[in-house]
Amino acid sequence: MATFIGNAEARKVSRVIIDAGHGGKDKGAHRGTVYEKDLALKVAFLVEKMLKQKGMPVTMTRRSDQFITLRGRADIANRYNNAIFISIHFNAHTGTRLNGVETYYHSELGKKLAAHVHLRMLSQLQPRNGNTRQRKDLGVLKATRCPAILVECGYISNANERKKCVTSDYHKKCAQAIVDGIWAYKTYN
Ligand SMILES: [Zn+2]
């Protein structure tokens, strides 16, 4: 029945590609000794661990402080059928008051996944309210063929948020929210 096609499709998630943003010479955002590339990798490892505990196959685009092109990251995702792609980032802005969590998707394929993950990020982290946003300018999402999202876990340019962003408690909450969002997407959509 046509109405159930969407459900059946989403349930076929058989691998999660976890993409820790930046790496190597690409430091991402940084403030003092706090580097986005390091924080992203920490959250990525926790997501990997939690997904493996649930029996979900996982592929990491990087496992160390290594430079990978955006195209290279998408190519890894495009090797698999029924995969979903989660790119993990931390945000920064010259406006130091900006804070909170943002979740982006590029194609309509990623829209529901973004909504599920974002909802859990909001309930775990309780930042300012925010909606998922479609962005056509994110190269890493553009080149993936599977449902793909990019999660900005918080602003390291905001002094208060930066204090939280460097803690393992915050990393665990981000990872848990991402995993819960993936599971909700897989189960209910
Ligand atoms: Zn980034």
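Residues numbered from 1 in each chain as written. Predicted model: local features only at pLDDT ≥ 70, side-chain atom pairs only at ≥ 80, totals over all residues. Heavy atoms only, no water.

A look at helix 3 (residues 70–78)
Regarding helix 3, the residues found buried are R73, A74, I76, A77 and N78. Check the buried side of helix 3 and you find it contacts strand 1 (15–20), strand 4 (58–60), strand 5 (83–91) and helix 5 (139–142). (Buried < 20%, exposed > 50% of the residue type's maximum accessible area, 1.4 Å probe, protein only. Helix = DSSP H or I, 4+ residues; strand = E, 2+ residues; numbered from the N terminus. Contact = heavy atoms within 4.5 Å.)

Looking at the environment of S157
With respect to the helices and strands, S157 occurs in the loop between strand 8 (148–155) and helix 6 (159–165). Measuring from C-alpha to C-alpha, the distance between S157 and G23 comes to 19 Å, with 134 residues separating the pair along the chain. Not counting chain neighbours up to four residues away, the residues in contact with S157 comprise R31, N91, A92, H93, T96 and R162. At 2.8 Å, the side chain of S157 and the backbone nitrogen of H93 are in polar contact. (Polar contact = N/O pair within 3.5 Å; in protein donor to acceptor, adjacent residues only side chain to side chain.)

A closer look at the layout of surface pockets
Size it by volume and the second largest pocket reaches roughly 280 Å³. In this structure, the second largest pocket is lined by 24 residues; those nearest its centre are H22, L70, H89, L138 and L150. Secondary structure elements with two or more residues in the lining of the second largest pocket: helix 3, strand 5, strand 6 (102–105), helix 5 and strand 8. (1 Å grid on protein atoms, 1.4 Å probe; cavity = no way out; pocket = protein on both sides within 12 Å on 5 of 7 lines; lining within 4 Å. Points joined across faces, edges and corners; volume = space filled by probe spheres on them.)

Quick word on the coordination of the zinc ion
A four-donor tetrahedral metal ideally has 109.5 degree angles, and a six-donor octahedral metal ideally has angles of 90 or 180 degrees. Every protein donor of the zinc ion is listed here as H22 (NE2), E36 (OE) and H89 (ND1), and their distances to the metal cover 2.0 to 2.1 Å. If you list the donors of the zinc ion from N- to C-terminus, the spacing comes out as H-x13-E-x52-H. With a gap of 14 residues between them, H22 in the loop between strand 1 and strand 2 (30–31) and E36 in helix 2 (residues 36–53) connect regions that are remote in the sequence. In this structure, H22 and E36 share a single accessibility class: buried. (Donors = N, O, S within 2.8 Å, 3.2 Å for Na, K, Ca; no water.)

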